[in-house]
Amino acid sequence: MAVISIERMGLLSVVCVFLFFTSAFAVDRGNFKTCDQSAFCKRQRALKPGQSPYRALLETLELSDSRLTLQLINDNNKVHLLLELYRLQGNMTRVKINELKPLKPRFEVPDVLISEPPTEPLSVLSKDDNGVVLSLGVENQRLIVSARPFRLDIMEGPEVLLSLNSRGLLAFEHLRLHKDTQAQTDGAEVKESVDGDQQQEEKDEGGERDKEEDGLWEETFKSHTDTKPNGPTSISLDFSLPGVEHVYGIPEHADDLKLKTTDGGDPYRLYNLDVFQYELYNPMALYGSIPVMLAHNTQRTMGIFWLNAAETWVDISSNTAGKTVFGKMLDFVQGSSEKPQTDVRWISESGIIDVFIMLGPKPSDVFSQYASLTGTQAFPPLASLGYHQCRWNYNDQEDVKSVDQGFDQHDIPYDFIWLDIEHADGKRYFTWDPHKFPQPKEMLQGLMDKRRKMVSIVDPHIRVDSGYKIHNEITSKDFYVKNKDGRNYEGWCWPGNSGYPDFTNPEMRAWWASMFAYDQYEGSMENLFTWNDMNEPSVFNGPEVTMHKDALHGKWEHRDIHNIYGLYVQMATAEGQTQRSGGVERPFVLTRAFFAGSQRYGAVWTGDNAAEWDHLKISIPMCLSLGLVGVSFCGADVGGFFKNPSAELLVRWYQTGAYQPFFRAHAHLDTTRREPWLFGPENTALIREVIRQRYALLPYWYQLLYQAHKTGTPVMRPLWVDYPKDTATFTVDDEFLIGSDLLVHPVTEEGSRGVTAYLPGAGEVWYDVHTFQKHNGAQNLYIPVTLSSIPVFQRGGSIIPRKDRVRRSSACMENDPYTLYVALSPKKFAKGELYIDDGHSFNYDTKKEFIHRSLTFANNALTSSNLCPDCNFLTSSWIEKVLILGASKPSKVLLKVDGKETTVDFEFDTSMSVLTLRKPGMNAGADWTLLLQ
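Sequence order as written defines the numbering, with residues in each chain counted from 1. Per-residue local features of the predicted model are confined to residues with pLDDT of at least 70, and side-chain atom pairs are confined, for both listing and counting, to 80 or more; whole-chain, interface and lining totals are unaffected and use all residues. To get the side-chain values, take all heavy atoms of the structure and skip hydrogens and water.

Trainee: Help me get a handle on the sheet that holds strand β33 (residues 634–635), residues and values and all.
Mentor: Strands sit in the order β33-β32-β31-β28-β24-β23-β22-β35-β34 across an open sheet of 9 strands; the sheet is parallel. In this open sheet, the two strands that pair with only one neighbour each are β33 and β34 (637–638). DSSP calls a pair of strands paired once it identifies at least 2 bridges connecting them. Each helix is a run of H or I in the DSSP string that is no shorter than four residues. Each strand is a run of E no shorter than two, and both are numbered from the N terminus. In this sheet, strand β32 (residues 603–605) lies alongside strand β31 (residues 589–591) in parallel orientation, the contact comprising 2 bridges. The residue of β32 that forms the bridge with Thr591 is Val604.

Shown next as structure tokens:
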């Protein structure tokens, strides 16, 4: 009885906290800091471009096979820094700046890079008192180190590609001993707070001095005080990008694809936060942070990867009218013509400067460069590319069974049904509510019998409860995060009072992974997968709804590691799923919080959106931004998490979500039920149709995820990635490409009767996938739409495999036949690929058990050839049909397999120039040729 009372009291308290934050978050941005309210951001941003106080001490230069080191000195306070320069394989440069002799080590981010990046030798081309010129070894690329003031320029031929500290905004707050600021009357502490800040020093004269000292050693926001035992430790560096007007990336923000300038407003903030019902079109931080920015123009694509896990702000300014002045050592004279330039400044609260400059030059080069550093998208199980049905919460086992049956009754395929926090016993993760889910294995077996799966939520806040095994084991192993006083850190989240495991500890991660074993996670089976939510981490009663920055992870403060906490949670969970099968089966883990490298562990979604048209629209640039920086497996809650969508909005969201990589409907506890058949038969039919379109295209989706896994190329991508010289594509974010061969323009306006899609590619053609009508590229095409319309086009010159026999789940379609859609270019050419494996294991990697075919149409012949001769996999699937769009009528069609020729039946639609080959019958893994005569 006492336990029940405590449980009820705890729940009541959590509900009160939740309701408070629900109300606050929906209307009050004041729960989250602006730059002016973040002491280090305010200090750093007060610096204005000017003469840098940093000077390179050229006499300290040391050059080895792998790196160049050089000391920098701040002439104002005589603090020495250590500069390290690396030329990396693959046309990248790494720049590290740290204190030469810090009072204690400064945090350097571990576990994000997949290995220490391989280097190539730097060579000195020339050196004098003004600086050093180094060869980067690629097409006359040079790295120029200017000494006074310190500055770096990367050049190719006569062109400056990128400059560092050209605006003099390098600032490195060095570790220092704490001083009694009350006794300071000369402003010395302030003078040192931002190294070299002469302008700030002048500003501090008079009444500003005391104000500027606020936040150096202690900072208060609302009712929370952040003790700062290490004092001010922030860092900053500016980058100039001549010739660049368009920059992208640095997710997660609910904003346009092309990043805006931040002059006159807040910088973009990177600080993982549980932002309840977030606002759109502003630079506020959201759930995840990937500190990678891409710069693009018609000549080149480059990337900047700022490897720092602390709170970070990014300022962007653009000057397209003024003449850029470069350093004395630049060996060319700037012309008088106007040249655009984008300037970017990164500001982080702690750590070191560790930046990777990816020099492209093509978009695909930048993707492979970044993938070589942080890894590629995890190759997911095929089923996870199907449709996912979720809400907070399906009430009990009968509810799950009823929803599952509803899909069958309405002939709608799906693969996963999801359980939110209410499924667990008192929100004790790794458990089941004994009354609502008394027989979880029976429930899971019922799904398995239909070849379907389930996801349950496992959050990283652990209920403080002496009767809870998970809490007791973490406590006994001393695996919890500590507060500043060394006791277990506790905060409020869904279960009530909660502890937070220290996922930065590899021993903690290994233990967490072991909890997914079938004999540990009672009731689990091989068709149960995992959802990591609230892993920013979310702390309802913490500052900005997250953990206090002075909490401790071993010897490091939370401020140092904040943005990688969520990555570690997903890492440990994915490892647990892999281990439970003995390393055989691929995991599927969805995360809300993420960082650079999170792509290695699973999928990401855009968080707690709302059932509003603008939230539907913003899902496109949000996922495009994530794809550009490695996270291809992205989606948004279909229908919107908060509020109740109209039938029109829900249908349009299904039509959009079906063409995004991660396809899940999800809804808040307080929303009305919205399973696909609850909005009348007409809308049910529309939703059914678009989900079936998704399933028919699963072979193409799967092949693209395989390519992303192998190369880092995004699956859902902006048009400019494939058309890098077409300036009309540079700001397009209401349509997108899936791979290179499908272009999608979702309908995202209420009551729309038509959309205008830009079809790129002068001299190319695009085919409407529904009507097979052909359209020329390089045009804006107006498309009349009805509620059933989802404008999708296949690129002429491509071949896309589909499975048009759609069944109740992806696994039920495993051995079904393929239909090949061959869309001919004006030159009567097309190519594509077909990838097949078992859909769930690592055998494709460990045993080379897969089929990878090249499909080519040229000279009136369609040929399938083997891209992996030493691979070994057998499939029962066959080629049932071939549609050739833009074809001419042949007199006959012959199939050549194993030296034998047979005649193939065909039909030709003269009005649409579509040739249909029926039942050619060859195995999908075989060599064959279809000859059109």
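Trainee: Kindly report on unusual backbone geometry, identifying the contributing residues and their values.
Mentor: Cis geometry marks the peptide bond from Arg148 to Pro149, where omega comes out at -5°. Note on placement: Pro149 falls in the loop between β8 (141–146) and β9 (151–156). Following Trp392, the chain continues to Asn393 via a peptide bond in cis, the omega torsion being 5°. By the element assignment, Asn393 lies in the loop between β22 (387–389) and α7 (397–409).

Trainee: Tell me what's going on with the nonpolar core, and back it up with residues and numbers.
Mentor: Buried Ala, Val, Leu, Ile, Met, Phe, Trp, Tyr and Cys residues form a nonpolar core when they are joined through side-chain atoms within 4.5 Å. Burial classes: relative accessible area under 20% of the type maximum marks a residue as buried, over 50% as exposed, and values in between as partly exposed (1.4 Å probe, protein chains only). One finds Phe305, Trp512, Tyr654, Tyr659 and Ile738 to be the most contacted residues of the largest nonpolar core, which totals 171 residues. A total of 9 residues in this core trace back to one element, the largest contributor, which is helix α13 (residues 613–628). With 51 residues, the next largest nonpolar core counts Leu83, Val145, Ala295 and Ile304 among its residues.

Trainee: How would you sum up the pairing of strand β23 (residues 416–419)? Please name residues and give values.
Mentor: If a strand is regular, its side chains alternate between the two faces of the sheet. Both faces of β23 are covered, namely the face carrying Phe416 and Trp418 and the face carrying Ile417 and Leu419. Taken together, the 2 bridges between β22 and β23 define a ladder with parallel strand orientation. Residue pairing for β23: His388 is matched across the bridge by Phe416. For crossovers, right-handed means that the path from the first strand over the helix to the second runs clockwise, given strands pointing away from the viewer. Once you follow β22 into α7 and on to β23, the crossover reads as right-handed. As paired strands, β23 and strand β24 (residues 453–457) are joined by 4 bridges and run parallel to one another.

Trainee: Explain the confidence of the model for the protein chain to me, and be specific about the residues and the numbers.
Mentor: Summary statistics for the protein chain give a mean pLDDT of 93 and a share of 91% for residues scoring 70 or more. Ignoring residues within four places in sequence, the model shows residues 181–212, a span with pLDDT below 50, making 55 contacts including any to other chains. Note on scores: pLDDT gives the predictor's confidence for each residue, bounded by 0 and 100. We call two residues in contact whenever any of their non-hydrogen atoms come within 4.5 Å of each other.

Trainee: Go over the state of the cysteines with me, naming the residues and quoting the values.
Mentor: Throughout, disulfides are identified as pairs of cysteine sulfur atoms within 2.5 Å of each other. Applying the stated criterion to the full structure yields 3 disulfides. In this model, Cys623 is linked to Cys634 through a disulfide, with the two sulfur atoms separated by 2.1 Å. With the S-S bond torsion at -75°, the cross-link from Cys623 to Cys634 turns out left-handed. Highlighted residues: Cys623 in helix α13 and Cys634 in strand β33, separated in sequence by 11 residues. Its relative accessible area of 2% is what places Cys623 among the buried residues. Residue Cys634 is classed as buried on the basis of its relative accessible area, which comes to 1%. Each bonded cysteine in the protein chain gets a number by its place in the sequence, and the pairs come out as 1-2, 3-4, 5-6. The thiol of Cys390 is not disulfide-bonded; the next cysteine sulfur, from Cys634, is found 16 Å away.

Trainee: Let's hear about the packing of helix α10 (residues 506–514) against helix α12 (residues 565–580): which residues, and what values?
Mentor: Geometry is summarised by axes, namely lines fitted to C-alpha atoms with helices restricted to the contacting stretch, and by angles between N-to-C directions that run from 0 to 180 degrees. Packing of α10 against α12 leaves a shortest axis separation of 7 Å and a crossing angle of 45°. It follows from the interaxial angle that α10 and α12 lie oblique. Between α10 and α12 lies a crossing whose hand is right-handed. Taken together, the residues of α12 that come into contact with α10 (itself represented by Arg509, Trp512, Ala513 and Ser514) are Tyr568, Val569, Met571, Ala572, Thr573, Glu575, Gly576 and Gln579. For this classification, Asp, Glu, Lys and Arg are treated as charged, while Ala, Val, Leu, Ile, Met, Phe, Trp, Tyr, Cys and Pro are nonpolar and the rest, including Gly, are polar. Considered class by class, the residues forming the contact of α10 with α12 number 6 nonpolar, 4 polar and 2 charged. In these notes the angle categories are as follows: under 35 degrees is roughly parallel, over 145 is roughly antiparallel, 65 to 115 is roughly perpendicular, and the rest is oblique. Handedness of a crossing is defined here by the sense of rotation of the near helix relative to the far one, left-handed for an anticlockwise turn of less than a right angle and right-handed for a clockwise turn.

Trainee: Just give me the short version of the side chain of Arg391, but keep the residues and values in it.
Mentor: Considering the arrangement of structural elements, one finds Arg391 in the loop between β22 and α7. Residues scored as charged are limited to Lys and Arg (positive) and Asp and Glu (negative), so that His and the chain ends carry no count. A pair is scored as a salt bridge if a Lys or Arg side-chain nitrogen falls within 4 Å of a carboxyl oxygen belonging to Asp or Glu. It turns out Arg391 is buried and unbridged, and the closest side chain with the opposite charge, Glu675, is 5.3 Å from it. In protein, a polar contact means a hydrogen-donor-capable atom and an acceptor-capable atom, both N or O and within 3.5 Å, with residues adjacent in sequence counting only if both atoms are side-chain atoms; elsewhere, any N or O pair within 3.5 Å suffices. Of note is the side chain of Arg391, whose polar atom sits 3.2 Å from the backbone oxygen of His668. In this structure the side chain of Arg391 is engaged in a polar contact, spanning 2.9 Å, whose partner is the backbone oxygen of Thr671. In this structure Arg391 touches Trp418, Asp420, His666, Ala667, His668, Leu669, Thr671, Thr672, Arg673, Arg674 and Glu675, once residues within four positions along its chain are discounted.

Trainee: Which residues make up the pattern of salt bridges, and what values do they have?
Mentor: A pair can form between side chains of opposite charge whenever their charged atoms are brought close. This model, assessed by the stated rule, comprises 60 salt bridges. With a closest N to O distance of 3.7 Å, Arg808 and Asp408 form a salt bridge. Of this pair, Arg808 sits in the loop between β44 (798–802) and β45 (818–823) while Asp408 sits in helix α7, and the two are 400 residues apart along the sequence. Across the pair Asp816 and Arg807 runs a salt bridge, and its minimum N-O distance is 2.5 Å. The class for Arg807 is partly exposed, based on a relative accessible area of 36%. Connected via shared salt-bridge partners are Asp226, Arg269, Glu311, Glu349, Glu544, Lys549, Glu557 and Arg559.

Trainee: Account for the packing of α7 against helix α8 (residues 440–449), naming residues and giving values.
Mentor: One way to put it is that α7 packs onto α8 with a least axis distance of 10 Å and a crossing angle of 5°. By the angle between their axes, α7 is roughly parallel relative to α8. Residue-level contacts link Gln397, Val400 and Asp404 of α7 to Pro440, Glu442, Met443 and Leu447 of α8. Here the residues of the contact of α7 with α8 sort into 4 nonpolar, 1 polar and 2 charged.

Trainee: With reference to specific residues and values, describe the domain arrangement of the protein chain.
Mentor: Taken domain by domain, the protein chain comprises domain 1 (47–173 + 230–374), domain 2 (384–457 + 608–720) and domain 3 (794–932). Between domain 2 and domain 3, the contact holds 19 residues from the first and 23 residues from the second. Buried area is a sum: the accessible area each of two parts loses on coming together, probed at 1.4 Å, counted once for each and added. Each partner contributes to the roughly 1900 Å² buried at the junction of domain 2 and domain 3, and carbon and sulfur atoms together form 58% of this total. Together, Arg451, Tyr702 and Tyr706 form the three largest contributors to the area buried by domain 2 at its contact with domain 3, with a combined 30%. If you look at where domain 2 meets domain 3, you find 2 salt bridges. For the side of domain 2 that touches domain 3, the secondary-structure elements that each account for two or more residues are α15 (681–696) and α16 (698–711). Start and end positions for the domains come from either an automated domain assignment or a database one.

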